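# Chains, contacts and geometry: an overview
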Amino acid sequence: MPAAILCSLFSACLAACGDPQPYPARAPSEHYLPTLRLATERLAEDYQTVGSVVSDERVEISSRLPAYVRAISVREGEHIRRGQVLVQLDARDQEAAVQQAQAQRALREAALRDAERTLVDTQTLLARGLVSDAARRKAQLERDTADQLLRTEDAALSAAQAQLRYTEIVSPVDGVVAERPARAGDLVTPGRPLLVVESDTALLFETAAAESQVQHITVGDVAQVNIDATGKSYRATVLRVVPSGDPVTRRFTVKLQLDDAAGLTPGLFGRSRFKVGETDGLRVPDAALAQRGGLTGVFVVSEKDRLDFRWVRTGRRDGVLTEITAGLQAGETVLAQVPETVRDGDRLKRQSP
């Protein structure tokens, strides 16, 4: 093939592989949309903490006497009611003690009856002049002694019966079984927990506040609690602020009373928000925020009604308005409503007078 032809083909290939022609630029569109002039306003300064729903009545149920566990009738997570039998202990020793006390009482009761008859007989003989007054005093003393011994046996019988009642352990509150460390057959001693019961009617939200913020939280303050498991917000009131802080974390325990704790259980994770002051800030309607290129921003009305997309950093939201913490200044004008069709560089169409 002649060299001239090869050169021509090579030149044609280079021309075909050259840079493509750029697409024509999109002409800016015009939009007739509402605008908003930004103004500084006083905003609540919030302090957010994390915590959990807790029971204000957490009871560790234990035995008052050493004994073997015969049966535990409840398990973890089970709802129980006040007065319900939870644990039964081996009561053979206590039953024997009751029987022994009853037998001793019967003997003392018989001795008292005999002493009372002796006293009556002695008083009769004294009236007839057949015995001395010393004999009557002795009979009176024996009767009084027998009465005191009977009272002692009554107390011993009551104590034995109380010990017998302690072998049947009942719930002191309505609630839920949180822990069950003991099992049937265990030998328990006084003070060792058999069950842990948490009341499901006295629920609080417990959190910890830093020492730099706890001074701004007082009893009676209203706070907001968000529970992750339910996805709901709850109004709460500061019930207690523990004045003694943790020396390691430098945090202070704060407990809040939930206005409506229906559906909540101890252990649920949540976040609490306290108002600790006020600060100047800017807010825009949620409808003014737009997503462009994965960024959140607003369209600022600049010179010659040009719409410029500006990235912003957002803060707190209350469902209608969103705080802007960076990217905007007071006095600027933004679109109050942003359709998907609005693009950077478009124009704002003004309403003709």
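Given the structure is predicted, the values throughout are model-derived calculations rather than measurements.

## Some remarks on the overall build of the protein chain
Of regular secondary structure, the protein chain possesses three helices and 23 strands. With the C-alpha coordinates of the protein chain rotated into their principal frame, the extents come out at 165 × 70 × 40 Å. Counting all 353 residues of the protein chain, 31% fall into the buried class. Of the roughly 21600 Å² of accessible surface on the protein chain, a fraction of 51% belongs to carbon and sulfur atoms. Measuring between centres, the 45 positive side-chain charges of the protein chain sit 1 Å from its 48 negative side-chain charges.

## Regarding the sheet that holds strand β7 (residues 85-89)
Strand order in this open sheet of four strands is β8-β7-β5-β10, and the pairing throughout is antiparallel. Edge positions in the sheet fall to β8 (168-170) and β10 (187-188), since each has one partner strand and no second. Here strand β5 (residues 67-72) runs beside β7; their pairing, made up of three bridges, is antiparallel. Paired with Ile-72 across the two strands is Val-87, which belongs to β7.

## Structural notes on the layout of surface pockets
Considered as a void within the structure, the largest pocket measures approximately 250 Å³ in volume. When contributions to the lining of the largest pocket are tallied by element, the ones reaching two or more residues are β3 (41-55), β13 (222-227), β16 (269-285), β20 (313-317) and β21 (321-326). Per-element accounting of the lining of the largest pocket gives the leading share, three residues, to β3.

## Things to note about the environment of Gln-148
Inspection of the secondary structure assignment puts Gln-148 in helix α3 (residues 133-165). Once the C-alpha coordinates of Gln-148 and Leu-112 are considered, the two residues, 36 residues apart in sequence, prove to be 9.2 Å apart.

## Examining the sheet that holds strand β9 (residues 175-179)
Pairing is antiparallel across the open sheet formed by four strands, whose spatial order is β4-β11-β9-β6. Each edge of the open sheet carries a strand with a single partner, namely β4 (58-62) and β6 (79-80). In terms of strand pairing, β6 meets β9 through two bridges, oriented antiparallel. Bridged to His-79 within β9 is Val-176.

## Details of the pairing of β3
The pairing of β3 with β16 spans twelve bridges and is classified as antiparallel. Bridge pairing in β16 places Gln-48 opposite Arg-273. Looking at chain direction, β3 and strand β12 (residues 203-210) are connected through five bridges and run antiparallel. Bridged to Val-54 within β12 is Leu-204.

## Quick word on the side chain of Thr-207
Relative to the helices and strands, Thr-207 is located in strand β12. Since its relative accessible area comes to 5%, Thr-207 is described here as buried. From its side chain, Thr-207 meets the backbone oxygen of Val-50 in a polar contact 2.7 Å long. If near-sequence neighbours (up to four positions away) are discounted, Thr-207 is found in contact with Thr-49, Val-50, Gly-51, Phe-252, Thr-253, Val-254, Leu-256, Ser-272 and Phe-274.

## Some details on the packing of helix α2 (residues 92-127) against α3
It is at 8 Å that the axes of α2 and α3 come closest, and there the two elements cross at 165 degrees. It follows that α2 is roughly antiparallel to α3 by the angle criterion. Crossing geometry of α2 relative to α3 is assigned as left-handed. Its residues placed into classes, the contact of α2 with α3 shows 17 nonpolar, nine polar and twelve charged.

The rules behind these values
- Residues numbered from 1 in each chain as written.
- Predicted model: local features only at pLDDT ≥ 70, side-chain atom pairs only at ≥ 80, totals over all residues.
- Heavy atoms only, no water.
- Helix = DSSP H or I, 4+ residues; strand = E, 2+ residues; numbered from the N terminus.
- Buried < 20%, exposed > 50% of the residue type's maximum accessible area, 1.4 Å probe, protein only.
- Areas by Shrake-Rupley, 256 points an atom, 1.4 Å probe, with all protein chains shown as cover.
- Lys, Arg positive; Asp, Glu negative; His and termini not counted.
- Charge placed at Lys NZ, Arg CZ, Asp CG, Glu CD.
- Pairing = 2+ DSSP bridges.
- 1 Å grid on protein atoms, 1.4 Å probe; cavity = no way out; pocket = protein on both sides within 12 Å on 5 of 7 lines; lining within 4 Å.
- Points joined across faces, edges and corners; volume = space filled by probe spheres on them.
- Polar contact = N/O pair within 3.5 Å; in protein donor to acceptor, adjacent residues only side chain to side chain.
- Contact = heavy atoms within 4.5 Å.
- Axes fitted to C-alpha atoms, helices over the stretch in contact; angles between N-to-C directions.
- Parallel < 35°, antiparallel > 145°, perpendicular 65-115°, else oblique.
- Left-handed = near helix turned anticlockwise from the far one by under 90°.
- Nonpolar A, V, L, I, M, F, W, Y, C, P; charged D, E, K, R; others polar.

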